[in-house]
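Chain by chain, the residues:
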Amino acid sequence: MLFNNYDVVIVGTGVSGLYAALNLGSSLRVLMLSKADFNVCNSSLAQGGVAAVIDQTEDSFDRHANDTLTAGGFTNDKEHLAVLVESGPKEIEKLLSYGVQFDRDDNGELSLALEGGHSRRRIVHSKDSTGFSIVSTLTDRVKLMPNVKISENAALVGFEKRGDKFLLDIYKDKRHVYVSAATCLFATGGIGRLYEYTTNSTIATGDGIFFALEAGAEVKNLSLIQFHPTAFASKDKECFLISEAVRGEGAILLNGKGERFMPTYEPERKELAPRDVVSRCILAEQAKTGSGDFFLDISFKEASAVKARFPMIYERVLQKGYDITKTPIPIYPCQHYLMGGINVDTVGRTDVDGLYAAGECAHTGVHGNNRLASNSLLEALVFAGTTAVDINERYSPSDVTEININDYIPTTGVFLHNSFCAEVRRIMQAAYFIEPNLTECERGLKRLNEMTAVLAQTTCEPTPEYAETKSAVRLATIILGEILFGRQNI
């Protein structure tokens, strides 16, 4: 069987994957795999911005680190955290050199926003679509790189290590394409689609974490899941985010009676408490009032300023029938971000030689128990950069363009007709929403074990649906197991 051979395969085309590609040596042959269209990723949905200590007269690395530690319950990995915060200004300068257009004030200086959990204004942003701005700019630059091949709508459905090579089974155009590589970087995003309600893109199904786990990589703290307090509350389950920055500009939270309630629970931080705190306060207020109706109100601010600062949010909410300059926005918490994942060191290495991970699928430990707002894009940039440097130092271009692997036999079988993914989403939503429901966790884990047994007894054609089903069942099992029996290395 003939394989196309690359020096590096990057699975995922969000900020982590793109930034790594831009920093890899030009002599390395690189393949980038996008599960859907090139710009479909969680990075493109990021509204807030990039947290970085730009004004060191008013801010400091210690303050940024302390805010991150406070949000994370002081369980953060301090070595990784130091790398994160101290790299911030350099990464912003690099993005500016690439052509990213960040907002500026009347004096031409970078405009710095405030978000929940931050003690200083330090969020660099492009209106309310910073992620899209960064992804678009980096994508344009990557497409100009002659050593990088991009394959869209190409889903990884098989992955294994053979000797010093990784073998990848890629499903594209309803057929299998086989690739080998000396090194692989998983930049595959989070697990949002394990839930019924999530702000994540449709491709965030945890596949990269699953394949890394199957290959022998250590996975940690999958039950460290962040629920964002202010997603648009829609009857059609489309939970797009209402950025933390809206509260940073003065928006207040109201209960179903139109009463502001956060000062009762958080007298000092109020609406600018960290996300997990605000989400729990909403649940407490719901229990107190008996109503699940909640609103975010910025209508008392000048309309032109609100529209200029949040044009995308304004338009999206307007399409749902609400003018945010005139009326409060209906909101409710939903799944947003994963702090756990494939365990890596400061240069992105896993404990499988040649396998790296970066971005939301990776566990660097910088976030601790809960992520501070706008640290995710920063993490993606910083550790994708260190990963690229390490790959450049450790790997040289191969002289071979194609290799013959005679003993690789791809899996064949029936097509999966009964995906368990919808049932997994129902289980996770009932078992673990902000706070675990132990009864539902036990019931859900029992059912997940039954699904696992069914999948083990069925030989299926490796399709994207089958890969997503195996991933969903395995990762949900680990998450509920961690809740019931304690977190441990898997």
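Residues numbered from 1 in each chain as written. Predicted model: local features only at pLDDT ≥ 70, side-chain atom pairs only at ≥ 80, totals over all residues. Heavy atoms only, no water.

**Examining the packing of helix H4 (residues 78-98) against helix H12 (residues 375-394)**
- Where H4 meets H12, the axes come as close as 8 Å, and the angle between the chain directions of the two elements is 85°. In terms of their interaxial angle, H4 and H12 are classed as roughly perpendicular. In contact with His80, Val83, Leu84, Ser87, Gly88, Glu91 and Leu95 of H4, H12 contributes Asn375, Leu378, Glu379, Leu381, Val382 and Phe383.
- Of the residues in the contact of H4 with H12, the class split is seven nonpolar, four polar and two charged. (Axes fitted to C-alpha atoms, helices over the stretch in contact; angles between N-to-C directions. Helix = DSSP H or I, 4+ residues; strand = E, 2+ residues; numbered from the N terminus. Parallel < 35°, antiparallel > 145°, perpendicular 65-115°, else oblique. Contact = heavy atoms within 4.5 Å. Nonpolar A, V, L, I, M, F, W, Y, C, P; charged D, E, K, R; others polar.)

**A word on the pattern of salt bridges**
- For the structure shown, the criterion picks out 21 salt bridges.
- A salt bridge links Arg394 to Asp353; the nearest nitrogen and oxygen atoms lie 2.7 Å apart. Here the residue Arg394 occupies a position in helix H12, and Asp353 occupies one in the loop between strand S15 (341-343) and strand S16 (355-357), the gap between them amounting to 41 residues.
- Taking the relative accessible area as the measure of exposure, Asp353 reaches 47% and is therefore partly exposed.
- A cluster of three or more residues bridged by salt bridges with shared partners is formed by Arg349, Asp353, Asp390 and Arg394. (Salt bridge = Lys/Arg side-chain N within 4 Å of Asp/Glu carboxyl O. Buried < 20%, exposed > 50% of the residue type's maximum accessible area, 1.4 Å probe, protein only.)

**Things to note about the side chain of Ser291**
- Assignment of secondary structure puts Ser291 in the loop between helix H9 (275-289) and strand S13 (294-297).
- Excluding anything up to four places from it in sequence, Ser291 contacts Gly256 and Gln286.

**Thoughts on the packing of aromatic side chains**
- As enumerated under the stated definition, the model contains 13 aromatic pairs in all.
- Measuring from ring centre to ring centre gives 4.9 Å for Phe159 and Phe186, while their planes differ by 55°; the resulting arrangement is tilted. Taken together, the residues span a long stretch of sequence, with Phe159 in strand S7 (residues 155-162) and Phe186 in strand S9 (residues 175-186) at a distance of 27 residues.
- With a relative accessible area of 10%, Phe159 lands in the buried category.
- Taking the centre distance of 5.6 Å and the plane angle of 80° together, the rings of Phe227 and Phe433 count as edge-to-face. Residue Phe227 is located in strand S11 (residues 225-232), and its partner Phe433 is located in strand S19 (residues 432-433); the two are separated by 206 residues in the primary sequence. Exposure class is identical for Phe227 and Phe433. Each is buried.
- Through a chain of ring-to-ring contacts, the aromatic side chains of Tyr195, Phe227, Phe261, Tyr265, Phe294, Tyr332, Tyr432 and Phe433 assemble into a single cluster. (Phe/Tyr/Trp six-rings, centres within 6.5 Å; stacked < 30°, edge-to-face > 60°.)

**Quick word on the sheet that holds strand S17 (residues 362-363)**
- The sheet built from three strands is open, its strands ordered S10-S15-S17 with mixed pairing. Only two strands of the sheet have a single partner each, and these edge strands are strand S10 (219-220) and S17.
- Sheet analysis places S10 next to S15, joined by two bridges and oriented antiparallel. When the sheet's bridge partners are listed, Lys220 is paired in S15 with Gly341.
- Its contacts with the sheet put helix H6 (residues 207-214) on S10 and S15, and the angle it makes with S15 is roughly 40°. (Pairing = 2+ DSSP bridges.)

**Here we look at H4**
- Here H4 spans 30 Å end to end across 21 residues, near enough to the 30 Å set by a 1.5 Å rise per residue.
- The largest bend in H4 is about 45°, located at Gly88, with the proline Pro89 one to four residues further on.
- Within the span of H4, buried status applies to His80, Leu81, Leu84, Val85, Ser87, Gly88, Pro89, Glu91, Ile92, Leu95 and Tyr98.
- Contacts from the buried residues of H4 go to helix H1 (15-23), strand S3 (50-51), helix H3 (61-71), strand S5 (123-124), helix H5 (130-142) and H12.
- Gly99 sits one or two positions beyond H4 and adopts a positive phi of about 110°. (Expected span 1.5 Å × (residues − 1). Bend = angle between axes of the 7 residues up to and from the residue.)

**Quick notes on the sheet that holds S13**
- Pairing within the open sheet is antiparallel, and its four strands lie in the order S11-S14-S13-S12. Either end of the sheet is taken by a strand with one partner, and the two such strands are S11 and strand S12 (252-254). When the angles between neighbouring strand axes are averaged without regard to direction, this sheet yields 45°.
- One ladder, built from three bridges, connects S13 with strand S14 (residues 329-338); its direction is antiparallel. Bridging across to S14, Phe294 finds its partner in Ile331.
- Against the sheet, H9 touches S11, S12, S13 and S14, its axis set at about 65° to S11.

Everything listed here is a matter of coordinates, which is why it stays silent on function.
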